[in-house]
Amino acid sequence: MSAEGTVSFERAPRVGRHRMLALDAARGLAVIGMIAINTGPRGDDEILELIYRAPYGRASLLFVLLGGIGLSLMTRRSRTGRVPLPWAGLLWRCALLMLGGLALQSLDHGVSVILQVYALLILFSLPLLRASGRILLVVSGLSAVAGPPLWILVQAQTDGGFDRDPVSATAPIGEILTGIVITGPYPLIIWGAPFVFGLWLGRRKLTETRHSTRLILWGAVTAVGARVLSPVLVAMFGEPTSHLDWQRLVSAVAHSQMPLWLISGTGSAVFVLGLCLKIRSWARPRFAPLVFLGQLALTAYIGHLLILALIVRPGPDTLSQGVLAAASTVAVLMIFAWLWRQRFSRGPFEMLLRVPKLRRTTP
């Protein structure tokens, strides 16, 4: 879901082209990670499956982080106030992602669709697009630190009354908003942290070597440090016994919505971003399938949901079946992205994100 659209391998200034291709490659890796996790299988603790499921709780955070960076780049000329914010385009994008996400949730793919929270993240970020970098960091930090306790508090007040199931288009509007903001699988009060941090990162000079080096180092330290801190705190304060237990705050389990998982997962996303920015050869033809997949991220995401619903489900049942299904899905989507980009600069669903221009008819 590139906010700036796609960048040709032949055109664009060298610095800007490298940055965009690196972001596209990182987005492609996020899509591949989500395809693997969403395809499954899940539940086995064998070492090979644990390796296969390494993107769990990380790929989606990378996807959201890149979404914030893309929105920051898309509106960079508007931060000075000389150019108005593209309100119409942003609101159109929010509406399509919201309606599309709710519609896709009704399919039998067994996946919690992320597009709905992505839409509201854009909407709630509009007042922050001209805010200072310090304010962005404060908002991101508040979401990471205050969001999880608020999430637990709401559960406690409702006696664990919400089940974190995603909402679809058939639900009442109040239930849809509540599900996206608090009770669903991607609560906005928590997932706002990586998105707003992405807004802040989008203002950095990411093409500079010192910045990519810092992203790699700090990303690795944060990812490992928060993950290692969790078992230490669990040993000190005890294992959480329920979703209503405040001891859950020391958990680093993927998608637990707790601070240590969020910080560790965001750190891994920053690490991957730094590595992609460090690589200077994304424009070479051998990397085109991955880059094109990232440029058609929205199309690929929707495509993999359709493949899961129409072909893969109810399987896979074993790890080998899961690897085969996920690899086949990635291959099909990469081939489609490569063929599509030979003729068009934007993916089919990416084209829909642009506000349609109304043509005047002459009498």
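Residues numbered from 1 in each chain as written. Predicted model: local features only at pLDDT ≥ 70, side-chain atom pairs only at ≥ 80, totals over all residues. Heavy atoms only, no water.

A. Broad picture of the overall build of the chain. Across its full length, the chain holds 14 helices and 0 strands. Sequence-ordered secondary structure for the chain, helices as α and strands as β, is α-α-α-α-α-α-α-α-α-α-α-α-α-α. Expressed along its principal axes, the backbone C-alpha trace of the chain runs to roughly 70 × 50 × 50 Å. Relative to its full complement of 363 residues, the chain shows a buried share of 52%. Considering only residue pairs separated by 6 or more positions, the chain has 76% of its internal contacts joining residues 24 or more positions apart. (Helix = DSSP H or I, 4+ residues; strand = E, 2+ residues; numbered from the N terminus. Buried < 20%, exposed > 50% of the residue type's maximum accessible area, 1.4 Å probe, protein only. Contact = heavy atoms within 4.5 Å.)

B. The arrangement of empty space enclosed by the protein in detail. In the structure shown here, the tally under the stated rule is 5 cavities of 30 Å³ or more. Of the voids in this model, the largest cavity is the one considered here, and its volume is about 100 Å³. Taken together, 13 residues line the largest cavity, and the ones lying closest to its centre are Val113, Gln116, Ile180, Pro185 and Tyr186. Breaking the lining of the largest cavity down by element, the ones donating at least two residues are helix H5 (115-125) and helix H7 (173-183). (1 Å grid on protein atoms, 1.4 Å probe; cavity = no way out; pocket = protein on both sides within 12 Å on 5 of 7 lines; lining within 4 Å. Points joined across faces, edges and corners; volume = space filled by probe spheres on them.)

C. Spatial organisation of the layout of surface pockets. Quantified by volume, the largest pocket comes out at close to 520 Å³. Taken together, 23 residues make up the lining of the largest pocket; nearest its centre are Leu137, Phe197, Thr222, Thr266 and Val270. Contributions of two or more residues to the lining of the largest pocket are made by helix H6 (133-157), helix H8 (188-201), helix H9 (209-237) and helix H10 (259-278).

D. Structural detail: the pattern of salt bridges. Inspection of the entire model under this criterion finds 2 salt bridges. Of the charged contacts, one joins Asp24 and Arg27 as a salt bridge, the two residues approaching to 2.8 Å between their closest N and O atoms. Pair noted here: Asp24 and Arg27 are both in helix H1 (residues 14-39), with a separation of 3 residues, about one helical turn. By relative accessible area, which is 0% here, Asp24 ends up buried. Residue classification places Arg27 among the buried positions, given a relative accessible area of 4%. (Salt bridge = Lys/Arg side-chain N within 4 Å of Asp/Glu carboxyl O.)

E. Inspection of a nonpolar patch on the surface at higher detail. On the surface, Val224, Val228, Leu229, Val232, Met236 and Phe237 cluster together into a nonpolar patch covering about 560 Å² of accessible area. Here Met236 shows up in helix H9. (Patch = residues over 30% accessible without salt bridge, like charges linked within 9 Å, V, L, I, M, F, W, Y side chains within 5 Å. Areas by Shrake-Rupley, 256 points an atom, 1.4 Å probe, with all protein chains shown as cover.)

F. Here's a closer look at the packing of aromatic side chains. Evaluated as defined, the whole model comprises 9 aromatic pairs. Where Trp282 meets Phe287, the ring centres are 5.0 Å apart and the plane angle is 65°; that geometry is what we call edge-to-face. Classification of Trp282 as buried rests on a relative accessible area of 5%. Within the aromatic cluster, the residues linked to one another by ring pairs are Phe63, Tyr118, Phe195 and Tyr301. The ring centre of Tyr56 lies 5.0 Å from the NZ or CZ of Arg53, which sits over that ring. (Phe/Tyr/Trp six-rings, centres within 6.5 Å; stacked < 30°, edge-to-face > 60°. Lys NZ or Arg CZ within 6 Å of the ring centre and 35° of its normal.)

G. Focus on the nonpolar core. Among the nonpolar cores identified, the biggest contains 91 residues, and Ile114 and Leu273 are the most heavily contacted of them. The greatest single-element share of this core, amounting to 11 residues, is contributed by H1. Look past the residues within four positions of Leu273 in its chain and what remains in contact with it is Leu23, Leu65, Leu66, Ile69, Leu201 and Leu215. With 6 residues, the next largest nonpolar core counts Ala226, Leu233, Ala252 and Leu260 among its residues. (Core = buried A, V, L, I, M, F, W, Y, C linked by side-chain atoms within 4.5 Å.)

H. Structural context of the confidence of the model for the chain. Across the chain, pLDDT averages 90, with 92% of residues at or above 70. Every residue in residues 3-13 scores below 50 in pLDDT, and together they form 34 contacts with partners more than four places removed in sequence or on other chains. (pLDDT = per-residue confidence, 0-100.)

I. Structural context of helix H4 (residues 87-105). A rise of 1.5 Å per residue sets the reference length of H4, with its 19 residues, at 27 Å; its end C-alpha atoms lie 27 Å apart and thus fit the reference within 8%. Among the residues of H4, Gly89, Leu90, Arg93, Cys94, Leu97, Met98, Gly101, Leu102, Leu104 and Gln105 are the ones counted as buried. Structurally, H4 contributes buried residues whose contacts are with helix H3 (59-74), H5, H7 and helix H12 (297-312). (Expected span 1.5 Å × (residues − 1).)

J. The arrangement of the packing of H6 against H8 in detail. Two numbers describe how H6 lies on H8: the axes approach to 7 Å, and their chain directions differ by 160°. Classified by the interaxial angle, the pair formed by H6 and H8 is roughly antiparallel. For the element pair H6 and H8, the recorded crossing hand is left-handed. For the pair H6 and H8, the contacting residues are Gly133, Leu136, Leu137, Val139, Ser140, Ser143, Ala144, Gly147, Pro148, Leu150 and Trp151 in the first and Leu188, Ile189, Ile190, Trp191, Gly192, Ala193, Val196, Phe197, Leu199 and Trp200 in the second. (Axes fitted to C-alpha atoms, helices over the stretch in contact; angles between N-to-C directions. Parallel < 35°, antiparallel > 145°, perpendicular 65-115°, else oblique. Left-handed = near helix turned anticlockwise from the far one by under 90°.)

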